[in-house]
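# Coordinate inspection notes
Read off the chains here:
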Amino acid sequence: MNAIAKDKVFIAFQTNDETRSIVEAIEADNREAIVIRYPAMVKIEMPGRLVIRRETIEDLIGRAYDLRELNLNLISLSGNIEESDDEFVLYWNQH
Amino acid sequence: MSVVALKPGYSGDMKDRVENFHGKQLLYIGWEDHLMYCAPLCIPIEGSTPFGALTTAVIPSLYPAHPDTGRINWDEVEWFRSGERFTPDPAQSLAANGLGHKASLRFRTPGLTGIKGSCT
Amino acid sequence: MNMPTNPQKPAKKLSLKENYSHLTRGLGWDTSYQPMDKVFPQDKFEGIKIHDWDKWEDPFRLTMDAYWKYQGEKEKKLYAIVDAFQQNNGQFNVTDARYINTLKLFLTGVSPLEYAAHRGFAMAGRNFRGTSARIAAQMQAIDELRHAQTQAHTISHYNKFFNGLHDYTHMHDRVWYLSVPKSYFEDAMSAGPFEFVTAISFSFEYVLTNLLFMPFMSGAAYNGDMATVTFGFSAQSDESRHMTLGLEVVKFILEQDPGNVPIVQKWLDKWFWRGYRLLALVSMMMDYMLPKRVMSWAEAWEMYFEQNGGALFNDLTRYGIRMPKYHEVASMEKHRLSHETWATFYNYTHAAAFHTWVPEESEMKWLSEKYPTTFDKLYRPRFEHWREQQAKGERFYNGTLPMLCQLCQIPMFFTEPDDPTKICYRETTYRDEKFHFCSDGCKDIFDNEPEKYIHSWLPVHQIYQGNCFRPGTDPTAPGFDPLAEVLQYYGFHVGEDGGEYLGSPDAKNWKAWTGKPAVSE
């Protein structure tokens, strides 16, 4: 293994009440996640791979959640996507 | 291949050929080290115009607001045609000086480098 | 309950994957009355070889029911905010009226591209023979139409109070600086469907639009414009779907045939450079036109292109794809791009539908902090000189039309990659005619397909050919003023829409209506 830093993926949401829980869930499931707050926007960066889990969000908001609801508050993202009913994953391939 | 097209042999019309400019040609003029006038200028002009008219009338009228305009010593000016240094003959026409349609003419004024030497 | 009971067990709910698969695989068919090549005549001439269309995957796996549901929710949310903004006279809560000029540029320069994208994706959807590709293009065509509409609706409110917003579609088709975005998009639309999606979905949306929609829209919020931020972010939420699709499209094409790799690389080189040149407008919006700034253009370029774009291209190296050609030139230009662009509009603002101004002293201080190697040395003297001239009542305007790049159609103000004091000139001769370019990037694109660009509609040349006057105009009439006539042809209200900001009707109205100074402290 060489010591090259892993390329980061990112996802950004509008700042609002719904995304507060989503960001919390992401922080819980991705320990190295870096959360950056801009006017009206919150951006989360993560080296290599970032996972968003439906169950973690549901535990926080106390209702059933469809991961496609992410679309409502999403601003942008970077990385390859793998989406299932339970997880939304962003990743770069070289890792 | 000169273009990737649905129809083989596609060819475009030459939009800016000299015939479209009502008896004039285009000439581009750029003043080196002077970027207050942000880009080279484009003017329509008769190809028969003597080169000397550029320095006596045309160029000064293009840069009226630059403080260096009145300080130009035209005898020292260095001229570039398509980026190559050349010595124009002021008595000859633009065409005879090799400045045809859409020619690029640049000039450098030694000792003058814009406002506070910033190439402005 | 007296509902009749269903004797059968309810059908198991389909998973996301199954649902998407039924939509994109089950609903397509091969034609039999006519050969497929005649039904889809445009998806082969570009040289791209597709062996198995079923390998096309939309990672979001959005089905129509979910699409309508979520898009409907986005719309309701957006219009609720726009209503609240209007009812609250939000237009008077922005930092100052200089800010509105970003919206003028946005509405005339960007919104018509949304509509063009709608048309472009509708055409792409018609021309791909793969069902999932057609569905993806169709959804995107609808998204883009939504963006054009929401932007017009939101900004129309500003049109009641500020100048220059009254006829954006008319202007887009005629005005000199708007030929830059217009010709960019028409270049893409007049290419084949594969080049179009590579250009727009990948090179523009994935690689470059973050620079417009993330820092600029966040900047709009920072300047108090919640209406714009809302349409911006609402559009961008569709955009993240488009970007993802852009990456999938490129991967799909590359995986289908090794012969596709050099074709795609050439497109990536071309469309990176074309998109980057277009973003010169965004650089000045960020550094000069937002009265309160979130980040500089150079910082945004480092974050969104050098880091994020770098990661993206690292991911694609396994297909034999490299970083787009001349990306290093773009990085060399990051400390001067916004200054050169703003200075150009300062030169020609009397022929624009928005205002320009000299930055305030505090703003120049910010610019020198953000651009320590260039601003004080190269650009501050220019602005200070202009400020002095303005104080004497001699506001500087450039009275002669500029030389344009044949390819990007931007005035030739860009400087040599290694020398910010020398204009970058490149030229080539084709069919005995000279053509000029602002950069090696633009010259390469021309040299690859000269027949496509020899008939570019260059605004300066068109004016000199006499093609930019209203019908019935007699240019030989005594006292004929060509500039005034061209501005009429553009649909401008001369004396209101363009020129210096200080003292403009916008600045006066702002003071009268809000009681606040025309330039915020």
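To be clear, the structure that these remarks concern was listed above.
Everything in this summary refers to the structure shown in the same document. Computed from a predicted model, the values in this text were never measured in an experiment.

What counts as what
- Residues numbered from 1 in each chain as written.
- Chains lettered and ligands numbered in written order.
- Predicted model: local features only at pLDDT ≥ 70, side-chain atom pairs only at ≥ 80, totals over all residues.
- Heavy atoms only, no water.
- Helix = DSSP H or I, 4+ residues; strand = E, 2+ residues; numbered from the N terminus.
- Rg over C-alpha atoms; globule rule 2.2 N^0.38 Å.
- Buried < 20%, exposed > 50% of the residue type's maximum accessible area, 1.4 Å probe, protein only.
- Areas by Shrake-Rupley, 256 points an atom, 1.4 Å probe, with all protein chains shown as cover.
- Lys, Arg positive; Asp, Glu negative; His and termini not counted.
- Charge placed at Lys NZ, Arg CZ, Asp CG, Glu CD.
- Contact = heavy atoms within 4.5 Å.
- Pairing = 2+ DSSP bridges.
- Axes fitted to C-alpha atoms, helices over the stretch in contact; angles between N-to-C directions.
- Phe/Tyr/Trp six-rings, centres within 6.5 Å; stacked < 30°, edge-to-face > 60°.
- Polar contact = N/O pair within 3.5 Å; in protein donor to acceptor, adjacent residues only side chain to side chain.
- Salt bridge = Lys/Arg side-chain N within 4 Å of Asp/Glu carboxyl O.
- Buried area = accessible area lost by both parts, 1.4 Å probe.

## Here we look at the overall build of chain A
The secondary structure content of chain A amounts to two helices and seven strands. Going from the N terminus to the C terminus, chain A shows its helices and strands as β-α-β-β-β-α-β-β-β. Over its C-alpha trace chain A gives a radius of gyration of 13 Å, about what one expects of a compact globule, namely 12 Å for 95 residues. Projected onto its principal axes, the C-alpha coordinates of chain A cover approximately 45 × 30 × 20 Å. Buried positions account for 53% of the 95 residues belonging to chain A. For chain A, the accessible area works out to roughly 4,400 Å², and carbon and sulfur atoms hold 46% of it. Of the charged side chains in chain A, 11 are positive and 18 negative, and the gap between their average positions amounts to 5 Å.

## Describing the overall build of chain B
Within chain B, the secondary structure is distributed over one helix and five strands. Scanning chain B from its N terminus toward the C terminus, one meets helices and strands in the order β-β-α-β-β-β. In terms of C-alpha radius of gyration, chain B reaches 17 Å, well past the compact-globule figure of 14 Å for 120 residues. Once the C-alpha set of chain B is aligned to its principal axes, its extents read approximately 55 × 35 × 25 Å. Classification of the 120 residues of chain B by burial places 52% in the buried group. Put simply, of all contacts in chain B between residues at least 6 apart along the chain, 68% involve residues at least 24 apart. Looking at chain B as shown, the accessible area adds up to about 5,400 Å², and 51% of this sits on carbon and sulfur atoms. Charge separation in chain B, taken as the distance between the mean sites of 11 positive and 12 negative side-chain charges, equals 7 Å.

## Side note on the side chain of Glu-78 of chain B
Counting through the fold element by element, Glu-78 of chain B comes out in strand 3 (residues 78-81). Its relative accessible area of 17% is what places Glu-78 of chain B among the buried residues.

## Details of the sheet that holds strand 4 (residues 49-53) of chain A
Residues and elements named next belong to chain A. What the three strands build is an open sheet, ordered 4-7-6; its pairing is antiparallel. At either margin of the open sheet sits one strand with a lone partner, and together these are strand 4 and strand 6 (80-83). Adjacent strand axes in the sheet meet at a mean angle of 15 degrees, parallel and antiparallel pairs treated alike. Note: strand 6 against strand 7 (residues 87-91), four bridges, orientation antiparallel. Counted as the bridge partner of Glu-83 is Phe-88 from strand 7.

## Focus: the packing of aromatic side chains
The description of two aromatic rings rests on the distance between their centres and on the angle between their planes. Here the structure, examined in full by the defined rule, presents 63 aromatic pairs over all chains. Geometrically, the ring pair formed by Phe-10 of chain A and Tyr-304 of chain C is edge-to-face, given 6.2 Å between the ring centres and 75 degrees between the ring planes. Taken together, the positions of Phe-10 of chain A in strand 1 (residues 8-14) and Tyr-304 of chain C in helix 13 (residues 297-316) put the pair across two chains. Judged by relative accessible area, Phe-10 of chain A falls into the buried class, the value being 1%.

## A few points about the sheet that holds strand 3 (residues 41-47) of chain A
The strand order 2-3-1-5 (chain A) describes an open sheet built from four strands, whose pairing is antiparallel. The open sheet has two free edges, formed respectively by strand 2 (34-38) and strand 5 (74-78) of chain A, since each of these has just one partner strand. Direction aside, the axes of adjacent strands within the sheet are offset by 15 degrees on average. Inspection of the sheet shows strand 1 of chain A paired to strand 5 of chain A by four bridges, in the antiparallel sense. Paired with Phe-10 of chain A across the strands is Ser-78 of chain A, a residue of strand 5 of chain A. Helix 13 of chain C rests against strand 1, strand 2, strand 3 and strand 5 of chain A of the sheet, and its axis sits at about 40 degrees to strand 3 of chain A.

## Notes on the interface of chain C and chain A
Facing 39 residues of chain C, the contacting portion of chain A comprises 33 residues. Summed over the shared surface of chain C and chain A, the result is ten residue pairs in polar contact (both at pLDDT 80 or more). Those elements that place two or more of their residues in the side of chain C that touches chain A are helix 1 (16-26), helix 3 (64-87), helix 9 (193-222), helix 10 (226-256) and helix 13 of chain C. For the side of chain C that touches chain A, the element with the highest residue contribution is helix 10 of chain C, accounting for ten residues.

## Examining the pattern of salt bridges
All names here are of chain B. Considering all chains together, one arrives at 59 salt bridges over all chains under this definition. Where Asp-68 meets Arg-71, a salt bridge forms, and the shortest distance between an N and an O atom there is 2.6 Å. Residue Arg-71 is classed as exposed on the basis of its relative accessible area, which comes to 52%.

## Re the interface of chain C and chain B
Counting residues at the interface gives 53 residues for chain C and 46 residues for chain B. When chain C packs against chain B, the two sides together hide about 4,300 Å² of surface, and 59% of this comes from carbon and sulfur. On the chain C side of the interface with chain B, the three residues burying the most area are Tyr-425, Tyr-464 and Gln-465 of chain C, jointly 15% of the side's total. Glu-384 of chain C serves as the salt-bridge partner of Lys-116 of chain B, at 3.7 Å between the closest nitrogen and oxygen. For the side of chain C that touches chain B, the secondary-structure elements that each account for two or more residues are helix 15 (337-348), helix 17 (375-391), strand 2 (419-423), strand 3 (426-430), strand 4 (433-437), helix 19 (450-453) and helix 20 (459-464) of chain C. Broken down by element, the side of chain C that touches chain B gets its largest block of residues, seven residues, from helix 17 of chain C.

## A word on the arrangement of the chains
The protein chains that touch form two pairs of chains, and the pair with the most contacts between them is chains B and C. Between chain A and chain B there is no contact, and the shortest C-alpha to C-alpha distance separating them is 31 Å.

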